[in-house]
Amino acid sequence: MSDDDLAEPRVERPRRGGRLSVAWFLPLIALAIAGGAAWRHYSTLGPQITIALDNAAGLEAGRTPVKYRDVEIGRVESLAFDEGFDRVLARARMSADVRDRLREGARFWVVRPQLTASGVSGLDTLLSGAYLAVDWGAGDGAATDAFTAAPEPPLTPSDTPGRRVTLRAREGGALTPGAPVYFKSIEVGRVETKRLSADGDAIEFDLFVNAPYSDRIDARTRFWNASGVGVELGAQGLRLDVTSLAALLRGGVVFDRFAEAAPGPSEADAFILHASRDEAAESLFGENPAAQLRLTAVFDQSVRGLGDGAPVEYRGVQVGVVEGIAVLPGESLTTLQIVATLLIQPRRIGVIGSDPESNLAFVERSVARGLRARLASGSLVTGALYVELVDAPEAPPARLDLDAKPYPRLPSVPSTLDALRGRAEEVLARINKLPVEELLASAIAALDSVTALAADPDLKRAPGELTGALSAARGMLDGLAEADLAGDAARAMAATSSAAAAFENAASGLPALVRRLNDAAAKAESAIDAYGAGSSVNTEAVAALREMRQAARAISTLAQTLERRPNSLIIGR
Amino acid sequence: MGAERPVTGGGVTARDLGLIGCTECALVQAERRARCARCGARLRRPDRGSLQAVWALLATGIIAYIPANLWPMLVTRSFGRVDESTIIGGAVDLAAHGAWFVAAVVLIASVAIPLCKFAAIAWLAIGIARGSVRGLHGRHRLHALVELIGRWSMIDVFVVALLAALIQLGFLASITPGPAAAPFALSVVLTMLAAQRLDARLIWIAAEGRAR
């Protein structure tokens, strides 16, 4: 018999409740594996959190992941509304290892494709769908499971080294969140938020400056707005200032340190955002508010064109600004005064001291030497005015009125511009006021009376009388000459001395005659003058006078000859 | 030769004659032999203890079937978008897209049939253990049916394997088998083994033992 034929040794086994089959190991192993898998699943199953969103655009329940640094750490399980249907609540199951990161301060946001001026982001979500991203924040808040999603992704992750500063600006300009921050034309940060300040007077920006550059922010640092394009036409030609294309579109902030400013660390996280680099540089002089001087000046002229912030200049250098313009009752309370408040930076007028008293004393001395405030035209086109501090020693003496309210009053002089304008106006007014009609009427009347005068028979007679007087004088001279001629030398020789004496007597009367003739001529002249030049009367009179003068001269010569040589009458010259 | 019994229907079993049939080559030989005289295969005597193995395999199959349905069967990546679908979820998606026929095929092949198989094997095993004499022919036919269908239950796994092999377009679209594929295949294999281990002869022997 072969081995095969041998009967198998039979092992008796109990029929019921007998030995367990080895096959039972299989389900045990399966159970162990399944249990292990289940345990692993539940052990990695983290907390469930709720994220409140404005809308669920791009989110899908069961599909949208929650990612941190692009690693999935959770998944949106369901989307529902809150009680008021105001928000969407995304319930997400997070993995267990982020459990203790889920604290207040953690920020969630939806990553969607974004196309902005500064770049494209979230492009991968175009195909894969949106996802929720998280930034854990400081990680020191209380544990929570309810979060509110931020409408915008935070521009800077919370763990980025750097410094966050707040800027305050009067005008926001084109600056928008996401705009770059430049330091020496290197992009070093971002504008994160833009909001109206609590008091509603200013725009506040939150900036984040990345680590190595954030050390550059100290007391000397000034921020200014680099939005848009700066075009400057100066002595060096045309200058175009564009910080970057992104800055052109979204605005930008530039900061730099100014050596002029006092060095030192700045603990303050709030800075002023200046409108331009120039303004930022100007601000350096506004350093010490205690040293600032506030003065007022009263202007008699219109201050149209003088606005708040208008410069106060001294010989072309800005030394302050106009802080405000008010109309206040004058001293007599019946008049009104225009009072401009001037904010003067004493450093700019050469006063270094920070003591307001000494600064004021300096201004007082300057005023005594002739410092005056005056309105000046900044632009002929716009009519903008500014306040000029001028040295006017010729101005009437005045002093700084320290008692004036609210601030010491700086005496002012009328503006040249205004004086010029005033004079032109005055001239025009005078021209306007000229009584042209009356003038013409009186001129006509005057001419009429002249005519009437000329027609007066008395006047006509006057030259005749003169002629008569002259002929009489000539007759007298003729008489004298006749007496000369009639003298018979031979006969009269004997009687020479007596005759000479007689002639002497006669001659002594001649000067009086000449004087009288002269007087008459002068009178006649003045009379003729009155008749005006150019008239026929005048010419005649002048001719007559000329003759009269000649006559008078001839008489005077004769008289002199007779006085010197009385015998010349007899013996000739 | 005993009296005519209803279970054998007038026929005679090898066991009645102290013989044993080889399950491989069907040679009937002396029961005391350990191996088949012709093909050398181990001769398996109908043993109710083998039911334990059936139960164990069935239980493992059922356990494996649970993750097969909970985990995703297919992972579809298209344009970077990852889509994971479980068997039932995929069928529901198909139905939602209007592919009712395909959805029905998937549901029947992957859900209804395995579940029915579990139930059928369990029922058969319980019937044998209790030596039930009722519906012997029906149970026998059911066993044949379970064995026949068993091999077709892998259709789901085949579909996944085919899709995974065909659709590999990189970023555009790609399909990979999900973690459920392995337990599903395991479940099918285990239930097939369970059905195989269930000795149909026991149905009759148990009934016979009762009848005796």
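As the structure is a computational prediction, the values presented were derived from the model and not from experiment.

Criteria and thresholds
Residues numbered from 1 in each chain as written. Chains lettered and ligands numbered in written order. Predicted model: local features only at pLDDT ≥ 70, side-chain atom pairs only at ≥ 80, totals over all residues. Helix = DSSP H or I, 4+ residues; strand = E, 2+ residues; numbered from the N terminus. Contact = placed C-beta atoms within 7 Å. Core = buried A, V, L, I, M, F, W, Y, C linked by C-beta atoms within 7 Å. Buried ≥ 20, exposed ≤ 12 C-beta atoms within 10 Å, placed from the backbone. pLDDT = per-residue confidence, 0-100. Axes fitted to C-alpha atoms, helices over the stretch in contact; angles between N-to-C directions. Parallel < 35°, antiparallel > 145°, perpendicular 65-115°, else oblique. Left-handed = near helix turned anticlockwise from the far one by under 90°. Nonpolar A, V, L, I, M, F, W, Y, C, P; charged D, E, K, R; others polar. Pairing = 2+ DSSP bridges. Expected span 1.5 Å × (residues − 1).

Visitor: Just checking my understanding: could you explain the overall build of chain B for this structure?
Guide: The secondary structure content of chain B amounts to seven helices and five strands. Listed N to C, the secondary structure of chain B is β-β-α-β-β-α-α-α-α-β-α-α in terms of helices and strands. Across chain B, every contact between residues at least 6 apart in sequence was considered, and the portion connecting residues at least 24 apart equals 63%.

Visitor: Any chance you could explain the nonpolar core here in plain terms?
Guide: Nonpolar side chains tend toward joint burial in soluble globular proteins. Membership of the largest hydrophobic core comes to 44 residues, with the highest contact counts inside it found for Val54(B), Leu57(B), Leu58(B), Ile121(B), Ala125(B), Phe184(B) and Ala194(B). Only helix H1 (25–44) of chain A together with helix H1 (50–70), helix H2 (87–96), helix H3 (100–130), helix H5 (155–166), helix H6 (181–197) and helix H7 (200–211) of chain B provide two or more residues apiece to this core. Among the elements that line this core, the one with the most residues is H1(B), at 12 residues. Apart from the residues within four sequence positions on either side, Ala194(B) is in contact with Val54(B), Leu57(B), Leu58(B), Gly61(B) and Ile121(B). Grouped together as the second largest cluster of nonpolar side chains are 25 residues, Val321(A), Val363(A), Val387(A) and Leu400(A) included.

Visitor: Is there a simple way to think about the confidence of the model for chain B in this case?
Guide: The predicted structure's coordinates, where accompanied by low pLDDT, should not be read in detail. When pLDDT is averaged along chain B, the result is 80, and 92% of the positions lie at 70 or above. Reported for the predicted complex are a pTM of 0.48 and an ipTM of 0.73.

Visitor: For this particular structure, what's the right way to read the packing of H1(B) against H6(B)?
Guide: For any two helices packed against each other, the geometry comes down to the angle between their axes and how far apart the axes lie. All names here are of chain B. Here H1 crosses H6 at 160°, and the two axes come no closer than 8 Å. Considering their axes alone, H1 and H6 lie roughly antiparallel with respect to each other. As for the relative orientation of H1 and H6, their crossing is left-handed in sense. Residue-level inspection shows Ser50, Ala53, Val54, Leu57, Leu58, Thr60, Gly61, Ala64, Tyr65, Pro67 and Ala68 of H1 in contact with H6, the latter providing Pro183, Phe184, Leu186, Ser187, Leu190, Thr191, Leu193, Ala194 and Arg197. Looking at the contact of H1 with H6 residue by residue, the class counts come to 14 nonpolar, five polar and one charged.

Visitor: In this structure, what is going on with the interface of chain B and chain A? I would like to understand it.
Guide: Facing 19 residues of chain B, the contacting portion of chain A comprises 19 residues. Its residues assigned to classes, the side of chain B that touches chain A shows 11 nonpolar, four polar and four charged.

Visitor: Explain the sheet that holds strand E1 (residues 45–53) of chain A here, please?
Guide: Two pairing modes exist for strands in a sheet, parallel and antiparallel, and in both the strands are linked by backbone hydrogen bonds. Residues and elements named next belong to chain A. What the seven strands build is a closed barrel, ordered E1-E4-E3-E2-E8-E5-E9; its pairing is mixed. Here the strands of the sheet are splayed against their neighbours by 35° on average, with no regard to which way each runs. Across two bridges, the pairing between strand E5 (residues 107–111) and strand E9 (residues 146–150) is parallel. Paired with Phe108 across the strands is Ala149, a residue of E9.

Visitor: Would you explain the pairing of strand E11 (residues 180–183) of chain A in this entry?
Guide: Residue and element names in this part refer to chain A. Of the two faces of E11, the one lined by Pro180 and Tyr182 and the one lined by Val181 and Phe183 are each fully buried. With four bridges connecting them, E11 and strand E12 (residues 186–196) associate as antiparallel partners. Across the sheet, Phe183 pairs through a bridge with Ile186, a residue of E12. Counting the residues that bridge the hairpin from E11 to E12 gives two residues, and of these Lys184 lies at a positive phi of roughly 50°. Here E11 runs beside strand E17 (residues 253–257); their pairing, made up of three bridges, is parallel. Residue Tyr182 lies in a different strand from E17, and its bridge partner there is Val254.

Visitor: What's the story with the sheet that holds strand E22 (residues 336–344) of chain A in this structure? I'm lost.
Guide: Residues and elements named next belong to chain A. Within the open sheet, the seven strands sit side by side as E23-E24-E20-E21-E22-E19-E25. Their pairing is mixed. In this open sheet, the two strands that pair with only one neighbour each are strand E23 (371–377) and strand E25 (409–410). Of the strand pairs in this sheet, strand E19 (residues 293–299) and E25 are connected by two bridges, and their pairing is parallel. Residue pairing in the sheet places Thr296 in a bridge with Arg409 of E25. The sheet strands contacting helix H6 (residues 356–369) are E19, E23 and E25, and the helix crosses E19 at an angle near 30°.

Visitor: Mind showing me how you'd approach unusual backbone geometry here?
Guide: Apart from glycine, the bulk of residues carry a negative phi angle, and the bulk of peptide bonds sit in the trans form. All names here are of chain A. Backbone geometry at Asp70 places phi at a positive 65°, although glycine is not the residue there. Relative to the elements of secondary structure, Asp70 occurs in the loop between strand E2 (65–68) and strand E3 (71–81). For Asp70, a count of 10 C-beta atoms within 10 Å translates into the label exposed. You will see that Phe85, though not glycine, has its phi angle at about 60°, which is positive. Looking at the secondary structure, you find Phe85 in the loop between E3 and strand E4 (88–95). For Phe85, a count of 7 C-beta atoms within 10 Å translates into the label exposed.

Visitor: Help me out: how do you make sense of the environment of Phe208(A) in this one?
Guide: Residue and element names in this part refer to chain A. Its location among the elements puts Phe208 in strand E13 (residues 203–210). Taking the number of C-beta atoms within 10 Å as the measure of exposure, Phe208 has 21 and is therefore buried. Counting along the chain gives 20 residues from Phe208 to Val188, while the straight-line C-alpha distance between them is 8.4 Å. Beyond its immediate sequence surroundings of up to four residues, Phe208 is in contact with Leu155, Thr156, Gly162, Arg164, Gly189, Arg190 and Glu192.

Visitor: Even after reading the chapter, I still don't get the environment of Glu204(A), so can you show me in this structure?
Guide: All names here are of chain A. Counting through the fold element by element, Glu204 comes out in strand E13. On the basis of neighbour counts, which here come to 17 C-beta atoms within 10 Å, the residue Glu204 falls in the partly exposed class. Sequence spacing of Glu204 and Thr166 is 38 residues, and the spatial spacing of their C-alpha atoms is 6.6 Å.

Visitor: Would you mind showing me how to read the environment of Ala52(A) here?
Guide: Residues and elements named next belong to chain A. Relative to the helices and strands, Ala52 resides in strand E1. Note: C-alpha distance between Ala52 and Arg87 (35 residues apart in sequence) is 6.2 Å. Setting aside anything within four residues of it in sequence, one finds Ala52 in contact with Asp82, Arg87, Leu89, Thr148 and Ala149.

Visitor: Sorry if this is basic, but what is going on with the pairing of E1(A) here?
Guide: Where a strand is regular, its side chains alternate between the two sheet faces. Residues and elements named next belong to chain A. Note: E1 against E4, seven bridges, orientation antiparallel. Residue Thr50 lies in a different strand from E4, and its bridge partner there is Arg91. The sheet contact formed by E1 and E9 spans three bridges and is parallel. Note on E9: the bridge partner recorded for Ile51 is Phe147.

Visitor: Even after reading the chapter, I still don't get H6(B), so can you show me in this structure?
Guide: Each full turn of the α-helix corresponds to 3.6 residues, which orients residues three or four apart in the same direction. Relative to the 24 Å expected for 17 residues at 1.5 Å per residue, H6(B) spans 24 Å between its end C-alpha atoms, a close match to the ideal helical length. With 14 of 17 residues buried, H6(B) lies mostly within the body of the structure.

Visitor: Help me out: how do you make sense of the packing of H1(A) against H1(B) in this one?
Guide: With their axes 8 Å apart at the nearest point, H1(A) and H1(B) run at an angle of 15° to one another. Viewed along their axes, H1(A) and H1(B) adopt a mutual orientation that is roughly parallel. By crossing handedness, the relation of H1(A) to H1(B) is classed as left-handed. Residues Leu26(A), Pro27(A), Ala30(A), Leu31(A), Ala34(A) and Ala37(A) of H1(A) lie in contact with H1(B), whose contacting residues are Ala56(B), Leu57(B), Ala59(B), Thr60(B), Ile63(B), Ala64(B), Ile66(B) and Pro67(B). Looking at side-chain class alone, the contact of H1(A) with H1(B) contains 13 nonpolar, one polar and no charged residues.

Visitor: What should I look at first to understand the confidence of the model for chain A in this one?
Guide: Per-chain confidence: chain A averages 76 in pLDDT, with 75% of residues scoring 70 or above. Across residues 12–17 of chain A, where pLDDT falls below 50, the model places two contacts with residues more than four positions away in sequence or in other chains.

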